[in-house]
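Structural overview
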Amino acid sequence: MEWKGRDVISVRDFSKGDIEFVLKVAERLEGELKEKGSLNYAAGKILATLFFEPSTRTRLSFESAMHCLGGSVIGFSSAASTSVRKGESLADTVRTVEQYSDVIVIRHPMEGAARLAAEVTEIPVINAGDGSNQHPTQTLLDLYTIKRTFGRIDGLSIGLLGDLKYGRTVHSLAQALALYDVELHLISPELLRMPGHIVEELRDRVPVHETTDLEGAVPELDVLYVTRIQRERFPDEQEYLKVKGSYQVNLRLLRKAKENLKVMHPLPRVDEIHPEVDGTEHALYFRQVFSGVPVRMALLGLTLGVI
Amino acid sequence: MAELKVTAIKDGTVIDHIPAGKGLKVIEILHLNRPNGGALLLASNVRSGKLGRKDIVKVEGRFLSEEEVNKIALIAPTATVNIVRDYGVSEKFKVEVPDEITGILHCANPNCVSNHEHTVSRFHVVSREPLKVRCHYCERTMEGDEILRNL
């Protein structure tokens, strides 16, 4: 697969081989970065970050990744400060930014926005989250974290907990995990179950257990991937109030878990993981944050064709 | 002579083997009821060896494009299309759901970018029986009545 110029839009576009390749490159870059402090692969290249929706981790880790590769960054972090406010179309904004940059990272509240952006530009486009659809780079860094921790992904029993309906990170992650030999436990309130069409796809590939019972599922798991119940994605506040605070991962719950269970979370968290978990061997979520840089370095370097 | 309840046409298109009750929908979707100077004929609930009962639509002076044929496939996958010239069938083909459906179906997801930006809608066919399609942009799947409502 030719990586130079390739868009990174959806996990669906990737084979297991593609994913493994990115993880391998990320590992190599992590090592090089540790050794040299900074690298020079993307010198003279410009990354444009188009964040039409707020983000801290994703935007900063892309920026950090580009700086670590020796490149530079332009962009915006809210649509309010752009010509979108004047009614400019997404396609025109992206076509304009293409003239100033070598690679575009886009986050947008509408599903499919990144795909559309990729279609109207020649330079590579990387999806940093499109509505409640996909977040492929988060998925890759999640897989990277799992692989670095367990040495493998195959053979693991993985629970996805929380907002499985609107959570784009768990949609992408579940689809990617289904390329591996894993067992999936989908744990959520009834109202926030994983969309049926995604569950169907998953079931075609791997064993899937859907449940509302977190305590019952925990002893089976090697990884518990927790997500925030995202108030901002609910069309109806009443619906949010019904499920708010449905689950909390705390030390009492973790007493039922395997000794080496790892708890992951794409962050930010609200109250779904008690801070008392942070100091335990179970907590893997800050390591996840760290993984964002080498994985995004790999994606930027590969799509720019400089690695 | 039950088959001759509807008169023959000189030039135009005959859409046969439409599932019974779907004939009107075919007319609506293809806008065949817009006056074009020719006759529009619908035979509904006609006995059929293959389907039990079927609808037939004949339209004078209109020849269907591939895009239109694909539209029919979404609601009447059993249909056959006969192109008639000078009272004879010059072409006959069975409609087929294509691998990709472009420009004729809207995405049911109100937050899909294709419903907000100037773009041609695109769907990938996930399964034909039952018909299930996935939006190229937002990746949401649609099936059954949802497809019909968004044509």
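Residues numbered from 1 in each chain as written. Chains lettered and ligands numbered in written order. Predicted model: local features only at pLDDT ≥ 70, side-chain atom pairs only at ≥ 80, totals over all residues. Heavy atoms only, no water.

1. Some points on the domain arrangement of chain A
All names here are of chain A. Taken domain by domain, chain A comprises domain 1 (11-133 + 292-304) and domain 2 (136-289). For domain 1 versus domain 2, the distance between C-alpha centres works out to 25 Å. With 29 residues of domain 1 in contact, the opposing surface of domain 2 contributes 28 residues. Counting each side, the surface lost to burial between domain 1 and domain 2 is near 2,400 Å², with a carbon and sulfur contribution of 55%. At the junction of domain 1 and domain 2, the tally comes to seven salt bridges. (Domains from an automatic or database assignment. Contact = heavy atoms within 4.5 Å. Buried area = accessible area lost by both parts, 1.4 Å probe. Salt bridge = Lys/Arg side-chain N within 4 Å of Asp/Glu carboxyl O.)

2. Here's the deal with helix α3 (residues 90-98) of chain A
All names here are of chain A. Burial in α3 covers these residues: Leu90, Ala91, Thr93, Val94, Val97 and Glu98. Burial along α3 is one-sided: seen end-on, the buried residues are contained in an arc of 160°. Buried residues along α3 sit against β1 (46-51), β3 (103-108) and α4 (113-120). (Buried < 20%, exposed > 50% of the residue type's maximum accessible area, 1.4 Å probe, protein only. Helix = DSSP H or I, 4+ residues; strand = E, 2+ residues; numbered from the N terminus. Arc of directions from axis to C-beta.)

3. Considerations on unusual backbone geometry
Note that the residue after Leu267 of chain A, namely Pro268 of chain A, is joined by a cis bond; omega there is 5°. Looking at where Pro268 of chain A falls in the secondary structure, it is placed in the loop between β9 (262-264) and α11 (285-304). That bond from Glu129 of chain B to Pro130 of chain B is cis: its omega, -5°, falls within 30 degrees of zero. Positive phi, normally seen in glycine, also occurs at His17 of chain B, with a value near 55°. The topology assignment puts His17 of chain B in strand β1 (residues 12-19). Of note in this structure, Asp86 of chain B is not a glycine but carries a positive phi near 50°. Along the polypeptide, Asp86 of chain B turns up in the loop between β4 (80-85) and β5 (88-94).

4. Some details on helix α2 (residues 57-68) of chain A
All names here are of chain A. In this model, α2 (12 residues) spans 16 Å end to end at C-alpha, consistent with the 16 Å of a helix rising 1.5 Å per residue. Turning to α2, its buried residues number three or more, namely Thr58, Arg59, Ser61, Phe62, Glu63, Ala65, Met66 and Cys68. Downstream of α2 by a residue or two, Gly70 has a phi angle that is positive, lying close to 90°. (Expected span 1.5 Å × (residues − 1).)

5. Here we look at the nonpolar core
In this structure, Ile158, Leu160, Met297 and Leu300 of chain A are the most contacted members of the largest nonpolar core, which totals 63 residues. In terms of residue count, α11 of chain A provides more of this core than any other element does, eight residues in total. Residue contributions to this core reach at least three from each of two domains, namely domain 1 (11-133 + 292-304) and domain 2 (136-289) of chain A. Residue contacts for Ile158 of chain A: discarding those within four places in its chain leaves Ile146, Leu177, Val182, Glu183, Leu184, His185, Leu221 and Val223 of chain A. Of all hydrophobic cores here, the second largest spans 55 residues; its members include Phe76 of chain A together with Ile29, Leu32 and Leu131 of chain B. (Core = buried A, V, L, I, M, F, W, Y, C linked by side-chain atoms within 4.5 Å.)

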